[in-house]
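One-letter residues, chain by chain:
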Amino acid sequence: MNAVGKVTSKVASIETLSCDAGWRHYHFVKLTTDDGIIGWSEFDEGFGAPGVATAIQKLGERVVGMQVGAHERIYAALYAATRPAAGGVVALAMGAIENALLDAKAKALGVPCYELLGGKVRDRVRVYWSHCATWRINHPAYFKPAITDLEGVKAIGREVREKGFTACKTNIFTYDENKQNPKGWRPGFGVPDFPELNVDRHVLKNLRMHLEALREGAGPDVDILLDLNFNAKTEGYLKILRHIADLDMFWIEIDSYSPEALGHIRRHSPHPISSCETLLGVREFLPYFREQAMDVAIIDTPWNGVWQSMKIATLAEAHEVNVAPHNFYGHLCTMMNAHFAAAVPNLRIVETDIDRLEWDHELFTHLPEYVDGHLLIPDRPGWGTEPVEAALRAHPPKARAGLLHYDRKS
């Protein structure tokens with residue numbers, strides 16, 4: 001950086017690193033400048049997007065030699081170079097590079113990343129405990145204690161309340177005839193392998209039973225959120241909403257490829273609807289906003305890039321919609337989302353995973369800090385944390401991980 005505060009650092013190299021994260025991997029971009037500044041970002045290619053690291057490496061070749069501070073120009077140049085195949089894995093790679101550029105630029109200026117986004121609106125953000133019961137049911141080898149019955153669901157509900165969190169989100173589960181041995185019901189991801197995505201009485205009964213157990217444990221003052229993902233068609237989503245119409249729900253999260261279908265669902269829903277966590281760029285979000293298809297727009301900032309996500313949030317504001325970041329990755333992603341949430345005016349709430357791997361704390365220089373159900377905004381330069389490379393090497397990635405390697409047995 002020169003004397004007048006202009007960032008003159010240039011990108012010298014871009015590389016990707018990854019490590020074992022239990023049922024998946026954590027992935028990182030390491031961007032090094034010609035004067036030794038290192039910008040980091042976390043990305044993901046296990047959530048249905050294999051090949052992001054390869055795209056980052058190819059796009060990174062074009063970025064080397066460009067000024068770190070010119071992240072908007074770099075993004076525009078990468079978009080122009082990939083316009084015939086815009087979106088998808090290419091967009092995810094561009095978002096990952098943008099986030100590493102933001103970290104490097106902020107470090108060059110000696111400021112937290114939120115200063116690049118317009119400064120803080122708030123010093124802390126309310127969070128919800130995501131995948132509550134979900135991780136302990138689906139991945140009991142990594143997240144303990146394992147939940148094997150409804151009593152375990154009640155217990156984690158109590159744990160949410162006792163640890164001071166004010167909201168939690170869960171998913172769809174089915175139980176055996178003894179109300180034991182829960183299994184995740186996620187046909188949208190091929191488990192079980194029911195591609196027609198129909199919702200039957202058994203699923204409805206079990207979902208309500210699961211939600212009532214969580215409510216019993218959490219008590220009346222904890223908000224409960226439900227994520228339905230891509231697990232039904234419009235008819236099925238409406239059946240679920242009717243079946244739980246009398247329950248006290250903070251929101252129902254639904255993914256739909258059709259803004260018109262989602263708008264129809266919202267207008268018939270007794271509960272607020274959130275959506276859009278898999279969308280990329282303002283062009284994909286725009287028809288959902290025009291349709292008034294959701295109450296809360298979920299933005300994946302690692303996928304979109306935090307700078308681009310601020311643009312999406314502004315578009316949401318223009319349509320009287322609040323936003324919430326999609327955040328179910330590692331601690332660096334949580335810090336990236338913290339800066340976004342600190343700066344964006346129209347924030348609803350922030351997703352975070354409280355159940356963590358036993359080695360997660362080893363992988364980063366600083367961990368997220370939670371107080372009274374809120375995430376405190378870090379004020380260190382950049383994102384406020386970095387991966388520890390020696391720890392990443394101590395937990396090398398496995399050959400098989402992520403959604404592509406879920407057990408598809410029904």
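Treat the numbers as computed from the prediction; the structure is a model and nothing was measured.

The rules we used
Residues numbered from 1 in each chain as written. Predicted model: local features only at pLDDT ≥ 70, side-chain atom pairs only at ≥ 80, totals over all residues. Heavy atoms only, no water. Buried < 20%, exposed > 50% of the residue type's maximum accessible area, 1.4 Å probe, protein only. Helix = DSSP H or I, 4+ residues; strand = E, 2+ residues; numbered from the N terminus. Pairing = 2+ DSSP bridges. Right-handed = clockwise from strand over helix to strand, strands pointing away. Axes fitted to C-alpha atoms, helices over the stretch in contact; angles between N-to-C directions. Parallel < 35°, antiparallel > 145°, perpendicular 65-115°, else oblique. Contact = heavy atoms within 4.5 Å. Nonpolar A, V, L, I, M, F, W, Y, C, P; charged D, E, K, R; others polar. Phe/Tyr/Trp six-rings, centres within 6.5 Å; stacked < 30°, edge-to-face > 60°. Core = buried A, V, L, I, M, F, W, Y, C linked by side-chain atoms within 4.5 Å. Left-handed = near helix turned anticlockwise from the far one by under 90°.

1. So, the pairing of strand β11 (residues 296-299)
(1) Moving on: Residue alternation in β11 divides its side chains into two sets, V296 and I298 and A297 and I299, and both sets are buried.
(2) Moving on: Judged from the two bridges that link them, strand β10 (residues 273-275) and β11 form a sheet pairing that is parallel. Looking across to β11, one finds that S275 is bridged to A297.
(3) Moving on: Between the parallel pair β10 and β11, the chain is carried across by helix α9 (residues 281-290), and the sense of this crossover is right-handed.
(4) Moving on: Where β11 lies against strand β12 (residues 322-325), four bridges are found, and the strand directions are parallel. Among the inter-strand pairings, I298 is bridged to a residue of β12, identified as A324.

2. Observations concerning the packing of helix α2 (residues 71-82) against helix α11 (residues 306-318)
(1) Moving on: The contact between α2 and α11 brings their axes to 10 Å, and the two run at 90 degrees. Judged on the interaxial angle alone, α11 and α2 are roughly perpendicular. Residues H71, E72 and Y75 of α2 pack against W307, Q308 and K311 of α11.
(2) Moving on: Residues of the contact of α2 with α11, tallied by class, amount to two nonpolar, two polar and two charged.

3. Brief notes about the packing of aromatic side chains
Aromatic ring pairs are described here by two measures, namely the spacing of the ring centres and the angle between the planes.
(1) Moving on: Counted according to the given criterion, the structure contains 13 aromatic pairs.
(2) Moving on: With 5.1 Å between their ring centres and 70 degrees between their planes, F47 and F328 make a pair best called edge-to-face. Placement of the pair is F47 in the loop between β3 (38-43) and α1 (52-63) and F328 in the loop between β12 and α12 (331-343), with a sequence separation of 281 residues. Here F47 matches F328 in class, with each residue buried.

4. A closer look at the nonpolar core
(1) Moving on: Formed by 131 residues in total, the largest nonpolar core has its most connected members in I56, I252, I254 and F289.
(2) Moving on: Residues in contact with F289, not counting those within four places in the same chain, are M294, A297, I312, L315, A316, H319 and V321.
(3) Moving on: Counting nine residues, the second largest nonpolar core, distinct from the first, contains A167, L225, V296 and A324.

5. Here we look at the packing of helix α5 (residues 150-162) against helix α6 (residues 201-218)
(1) Moving on: The contact between α5 and α6 brings their axes to 6 Å, and the two run at 40 degrees. Viewed along their axes, α5 and α6 adopt a mutual orientation that is oblique. As α5 runs across α6, the sense of the crossing is right-handed. Each of L150, V153, K154, I156, G157, R158 and R161 in α5 lies in contact with α6, whose residues at this interface are M209, H210, A213, L214, E216, G217 and A218.
(2) Moving on: In the contact of α5 with α6, the residues fall into seven nonpolar, three polar and four charged.

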